[in-house]
Amino acid sequence: ITDRVLKESDKQIIIAYCQQTALSIENQRLHQDLDKKLDRFAEVSELTKTITHIRNYETLLQTILDKSADLLKAEQGSLMLLDHETDELLVEAKKGNIERVMEKLRINRGEGIAGRVAEFGESILVENLENDPRVQKKNRQHYKTRSFVSVPLKIDDRIIGVLNLSDKTSGEVFDEEDLKLIQSFATHAAIVMERNVFYNRAEELKKLTITDSL
């Protein structure tokens, strides 16, 4: 307010008005953020329903990776399963420019970021791998950004694999909201994967009881 001499009472009214306006703006912003979060978690529920009915295991793994990437708007990613005989992580599904690089990749439990996630069962969110004390290395070839997220696929305390996502399409870094979102989906995905394995084994046994007289 310019070009006017304000009385003290006018100033107090203006201050009170500004404070009330600030509260209204902040409440509106919080409502918008909450609506956005609810929409994203509703999307997790829909994605879980989508993967539940997939019977082919390879198709299931690729779909889980693709839907995870869609959820976080990531251009690249991989889904790795833990071979309990060799204690190695094997890449079973890939997305993006890393497909040729990771074709034959095997990682020991405890080795690198994915191996550490498989070892301790805890997610890792990295905003800048060159500054993060857990990584501290130059950005990798075939990747656009320095941010990525790696989450365990586990049932109770049993680790069955690791899900890795990188390169947001917007160029932004992954944040805590992204991490919570993908952890929620990963929990459901691991259960669906386990059920898929049991279902396929049951179908094989069913066929055997029909075809094998023994």
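Structural data are supplied above this passage.
Residues numbered from 1 in each chain as written. Predicted model: local features only at pLDDT ≥ 70, side-chain atom pairs only at ≥ 80, totals over all residues. Heavy atoms only, no water.

**Topic: the sheet that holds strand β6 (residues 158-168)**
Either a parallel or an antiparallel arrangement is found when strands of a sheet pair, and the pairing is made through backbone hydrogen bonds. Overall, antiparallel pairing links the six strands, which are arranged β3-β2-β1-β6-β5-β4 in an open sheet. Looking along the sheet, the strands with just one partner apiece sit at the ends: β3 (106-108) and β4 (124-126). Taking the axes of each pair of neighbouring strands and ignoring which way they run, one obtains an average angle of 25 degrees across the sheet. When strand β1 (residues 74-83) meets β6, the two strands line up antiparallel, connected through seven bridges. Residue pairing across strands places Leu 79 opposite Leu 163, the latter belonging to β6. Contacting β1, β4, β5 (148-155) and β6, helix α4 (residues 176-211) runs over the sheet at an angle of about 35 degrees to β5. (Pairing = 2+ DSSP bridges. Helix = DSSP H or I, 4+ residues; strand = E, 2+ residues; numbered from the N terminus. Axes fitted to C-alpha atoms, helices over the stretch in contact; angles between N-to-C directions. Contact = heavy atoms within 4.5 Å.)

**Here we look at the pairing of β5**
Successive side chains on a regular strand alternate, one facing one side of the sheet and the next facing the other. Among the eight residues in β5, seven count as buried, and that is most of the element. Here three bridges tie β4 to β5, and the two strands are oriented antiparallel to one another. Its bridge partner lying in β5, Ile 124 is registered against Ser 150. In this structure, β5 lies alongside β6, joined through eight bridges in antiparallel fashion. Considered in β6, the bridge of Phe 148 is made with Ser 166. The turn joining β5 and β6, which pair antiparallel and follow one another in sequence, is formed by two residues; a positive phi near 60 degrees is taken by Asp 156. (Buried < 20%, exposed > 50% of the residue type's maximum accessible area, 1.4 Å probe, protein only.)

**Concerning the pattern of salt bridges**
Scanning the entire structure with this criterion turns up six salt bridges. Among the salt bridges present, the one from Glu 46 reaches Lys 49, with a minimum N-O distance of 3.7 Å. Of the two residues, Glu 46 and Lys 49 both sit in helix α1 (residues 8-52), three residues apart, roughly one turn of that helix. With a closest N to O distance of 2.9 Å, Arg 109 and Asp 87 form a salt bridge. Taken together, the residues span a long stretch of sequence, with Arg 109 in the loop between β3 and α3 (112-120) and Asp 87 in the loop between β1 and β2 (88-95) at a distance of 22 residues. (Salt bridge = Lys/Arg side-chain N within 4 Å of Asp/Glu carboxyl O.)

**So, the side chain of Ser 147**
Looking at the secondary structure, you find Ser 147 in the loop between β4 and β5. A distance of 3.0 Å separates a polar atom in the side chain of Ser 147 from the backbone nitrogen of Phe 174. For Ser 147, the residues in contact, after removing those within four places along its chain, are Val 126, Glu 127, Ser 166, Asp 167, Val 173 and Phe 174. (Polar contact = N/O pair within 3.5 Å; in protein donor to acceptor, adjacent residues only side chain to side chain.)

**Some thoughts on helix α2 (residues 57-72)**
Taking 1.5 Å of rise per residue, 16 residues should cover 22 Å, and α2 covers 23 Å from first to last C-alpha, within 8% of that figure. Those residues of α2 that sit buried are Leu 60, Leu 61, Thr 63, Ile 64, Leu 65, Ser 68, Ala 69, Leu 71 and Leu 72. Looking at where α2 begins, the residue whose side-chain oxygen comes 3.1 Å from the main-chain nitrogen of Glu 58 is Asn 56. With its phi angle positive at about 55 degrees, Lys 73 sits one or two positions after the end of α2. (Expected span 1.5 Å × (residues − 1).)

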